[in-house]
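Listed here are the chains, written in short residue letters.
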Amino acid sequence: MKQMFGSWCRMNAALFKVDRTEVIRTCINPVFSKLFTVDFYFEEVQRLRFEVHDISSNHNGLKEADFLGGMECTLGQCSVLIDYFQIVSQRKLSKSLLKHGNTAGKSSITVIAEELSGNDDYVELSFSARKLDDKDFFSKSDPFLEIFRVNDDATQQLVHRTEVVMNNLNPAWKTFKVSVNSLCSGDQDRRLKCIVWDWDSNGKHDFIGEFSSTFKEMRGAMEGRQPILEENKTEWVQWECINPKYKAKKKNYKNSGIVILNQCKIHKMHSFLDYIMGGCQIQFTVAIDFTASNGDPRNSCSLHYIHPYQPNEYLKALVAVGEICQDYDSDKMFPAFGFGARIPPEYKVSHDFAINFNEDNPECAGIQGVVEAYQSCLPKLQLYGPTNIAPIIQKVAKSASEETNTKEASQYFILLILTDGVITDMADTREAIVHASHLPMSVIIVGVGNADFSDMQMLDGDDGILRSPKGEPVLRDIVQFVPFRNFKHASPAALAKSVLAEVPNQVVDYYNGKGIKPKCMSEYESSRTLAP
């Protein structure tokens, strides 16, 4: 059995995925180390749903997984709902898993909540060990290390679990990264408990030993260690790995091995606001589907029909997302393109034409300018097909690629694609997205109408890692897909919040991953420095 669970946020009866944990193999009592970060809004009732799945394939996707049960609760105390529980107020919540409205046997889930400070810095840690106890009869131990944060109420929260090093009493585990918030909740004096186990395939791992420390001790020891000149080495920062039972029973017991800290390095994580306040501009581009499946714009049943009093779904989605993005663009000039139509004067099919018909300058003045260009071009087009979006992704990616030459956080590109159907160039689109994931660029796709968009979820990367036809994985998850019908009766702000929610993290992930700092630092940045 391989288990994982994910968290979803409910908005206006629609569920939006927040994140998913790692997969724990061969275990019916899993403790997940993956943390979910959810913004808390006092004025909103934030309903959450946690689901547990048994993964049966090697791809870790949910399509073939067995649903084991779920639990719903609210994040805050905004209002008291029957059959809902408040995580923030209770900090720790245990509740039976429900499956199809009934209790799923004796299965339960425990969720622990803790407020995080505004520090997003992370630490890079590397551990090794030597002379660990041998727990296996026919071979050597297969050790792995777990690090727990000790909470204020003396409970322990798993922070990180290393990989297993097979058949080795002197393992060197891979370097890993963890946020300072996750490691110690921003409190460098908080105790950390570290346990070394001998892995067993049946999930009943053998305890080797443990030790405790703090992040402050680790950091201070690494910074203060002195070189040993005669050996041309640096003294080790290490702890004895102790098995309390052995220590109590054996008179000559010393330890069950030594655990060594090889690296403890802090990395500054700049926030989305750091980059925006440092002058980074959001370059917003719109691409609109003009394929024949939308229907004749002159017919009131068409998705492109211009009603005198009611905007169509294309306009609603465009305005909702565009009005947010335009606040981060100083010149308020937005390139707007169309695809899937025959365009004048020769009426050849194009998949990346300027809707103002000015190929040299496809920019429109503000979101209202995009709206006007859209309405003006409709009578001049012949809606056709097919639904190819790779060309427009490649066009924006070309501009984003030119930006990488500056080596500065100057411009980040957001492409909004509005389409009514399943795309027909999926292979080329996957290739284009994998390429774009290396660039300062994000792609938002809003599905308009009532088509079956199930295949589009693949591009979102929520059901496993998106790969090109050649097997190359995306470097970053840069695509967000949302069907507009989920927001038909919601406010425009609800749609904008859903499709743009991942953009700040995508911006930060790109620039931090490239080691690019904000162009100019303000007093705001210095106030976020890690306290010694």
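The protein carries the name C2 domain-containing protein in an unreviewed UniProt entry, which gives Chloebia gouldiae as its organism.

Visitor: Give a detailed account of the overall build of the protein, specifying residues and quantitative values.
Guide: In terms of helices and strands, the protein carries 13 helices and 27 strands. For the protein, the share of sequence-separated contacts (at least 6 apart) that also reach a separation of at least 24 residues comes to 69%. Accessible surface computed for the protein: about 26700 Å², of which carbon and sulfur atoms make up 50%.

Visitor: How would you summarise the layout of surface pockets if you had to cite specific residues and measurements?
Guide: Computed from the structure, the second largest pocket encloses a volume of approximately 700 Å³. In this structure, the second largest pocket is lined by 26 residues; those nearest its centre are Ile24, Arg25, Glu146, Arg161 and His205. For the lining of the second largest pocket, the elements supplying multiple residues, two or more each, are strand S3 (24–25), strand S9 (143–150) and strand S10 (156–161). Among the elements that take part in the lining of the second largest pocket, S9 stands out by supplying three residues, more than any other. Among the residues making up the lining of the second largest pocket, the classes are represented as 11 nonpolar, eight polar and seven charged. Residue-level mapping places the lining of the second largest pocket at the junction of two domains, with at least three residues from each of domain 1 (2–112) and domain 2 (122–267).

Visitor: Quick one: what's the story with helix H8 (residues 390–404), residue by residue and with numbers?
Guide: With 15 residues, H8 should reach 21 Å at 1.5 Å per residue; the first-to-last C-alpha distance of 21 Å fits that figure. Within H8 the residues assigned to the buried category are Ala390, Ile392, Ile393, Val396, Ala397, Ala400 and Glu403.

Visitor: Explain the environment of Gly421 to me, using residue names and the numbers behind them.
Guide: Looking at the secondary structure, you find Gly421 in the loop between strand S25 (411–419) and helix H9 (426–436). Gly421 sits 132 residues away from Asp289 along the chain, and the two C-alpha atoms are 8.7 Å apart. Once residues within four sequence positions are removed from consideration, Gly421 is found in contact with Asp289, Thr387, Ala451, Phe453 and Met456.

Visitor: Quick rundown of the packing of helix H6 (residues 313–325) against helix H11 (residues 492–500)? Include the residues and the values.
Guide: Relative to each other, H6 and H11 sit at 65°, their axes nearing to 9 Å. Considering the relative orientation of H6 and H11, their crossing is right-handed. Mapping the contact onto sequence places Ala317, Ala320, Val321, Ile324 and Cys325 in H6 and Pro492, Leu495, Ala496, Val499 and Leu500 in H11. Split into classes, the residues belonging to the contact of H6 with H11 amount to 10 nonpolar, no polar and no charged.

Visitor: Help me get a handle on the sheet that holds strand S16 (residues 237–240), residues and values and all.
Guide: An order of S11-S8-S17-S16 is seen for the four strands of this open sheet, with the pairing classed as antiparallel. Looking at strand neighbours, the two that pair on one side only are strand S11 (176–179) and S16, the edges of this open sheet. Taking each pair of neighbouring strands and ignoring which way they run, the sheet shows an average axis angle of 35°. Sheet topology note: the strand S8 (residues 122–130)/S11 ladder contains four bridges and is antiparallel. Note on S11: the bridge partner recorded for Val123 is Val178.

Visitor: Go over the side chain of Gln326 with me, naming the residues and quoting the values.
Guide: In this structure, Gln326 sits in the loop between H6 and strand S19 (333–339). Given the relative accessible area of 18%, Gln326 is considered buried. Residues contacting Gln326, with those up to four places away along its chain left out, are Lys332, Phe334, Gly366 and Ile367.

Visitor: Tell me about the sheet that holds strand S21 (residues 348–350), and name the residues and values.
Guide: Here we have three strands laid out as an open sheet, ordered S21-S20-S24, and antiparallel in their pairing. Strand pairing shows two members of the sheet lacking a second neighbour, S21 and strand S24 (382–383), which therefore form its edges. Pairing between strand S20 (residues 341–343) and S21: three bridges, direction antiparallel. In the strand pairing of S21, Arg342 is matched with Val349.

Visitor: Help me get a handle on the packing of aromatic side chains, residues and values and all.
Guide: Counted according to the given criterion, the structure contains 12 aromatic pairs. Aromatic side chains Phe127 and Phe176 sit 6.4 Å apart centroid to centroid with 20° between the ring planes, which places their arrangement in the stacked category. Of the two residues, Phe127 sits in strand S8 while Phe176 sits in strand S11, which places them 49 residues apart along the sequence. Judged by relative accessible area, Phe176 falls into the buried class, the value being 7%. Considering the side-chain rings of Tyr412 and Tyr510, the 6.5 Å spacing of their centres and the 65° angle between planes classify their relative orientation as edge-to-face. Taken as a pair, Tyr412 in strand S25 and Tyr510 in helix H12 (residues 503–513) lie far apart in primary sequence, 98 residues in all. Of the residues examined, Tyr510 reaches a relative accessible area of 4% and is grouped as buried. Here the aromatic residues Tyr275, Tyr412, Tyr510 and Tyr511 are joined through ring pairs into a cluster of three or more. Across the ring face of Tyr246, the terminal group of Lys250 is positioned such that the distance to the ring centre comes to 4.3 Å. Lying across the ring of Tyr384, Arg342 places its NZ or CZ 3.9 Å from the centre.

Calculation rules
- Residues numbered from 1 in each chain as written.
- Predicted model: local features only at pLDDT ≥ 70, side-chain atom pairs only at ≥ 80, totals over all residues.
- Heavy atoms only, no water.
- Helix = DSSP H or I, 4+ residues; strand = E, 2+ residues; numbered from the N terminus.
- Contact = heavy atoms within 4.5 Å.
- Areas by Shrake-Rupley, 256 points an atom, 1.4 Å probe, with all protein chains shown as cover.
- 1 Å grid on protein atoms, 1.4 Å probe; cavity = no way out; pocket = protein on both sides within 12 Å on 5 of 7 lines; lining within 4 Å.
- Points joined across faces, edges and corners; volume = space filled by probe spheres on them.
- Nonpolar A, V, L, I, M, F, W, Y, C, P; charged D, E, K, R; others polar.
- Domains from an automatic or database assignment.
- Expected span 1.5 Å × (residues − 1).
- Buried < 20%, exposed > 50% of the residue type's maximum accessible area, 1.4 Å probe, protein only.
- Axes fitted to C-alpha atoms, helices over the stretch in contact; angles between N-to-C directions.
- Left-handed = near helix turned anticlockwise from the far one by under 90°.
- Pairing = 2+ DSSP bridges.
- Phe/Tyr/Trp six-rings, centres within 6.5 Å; stacked < 30°, edge-to-face > 60°.
- Lys NZ or Arg CZ within 6 Å of the ring centre and 35° of its normal.

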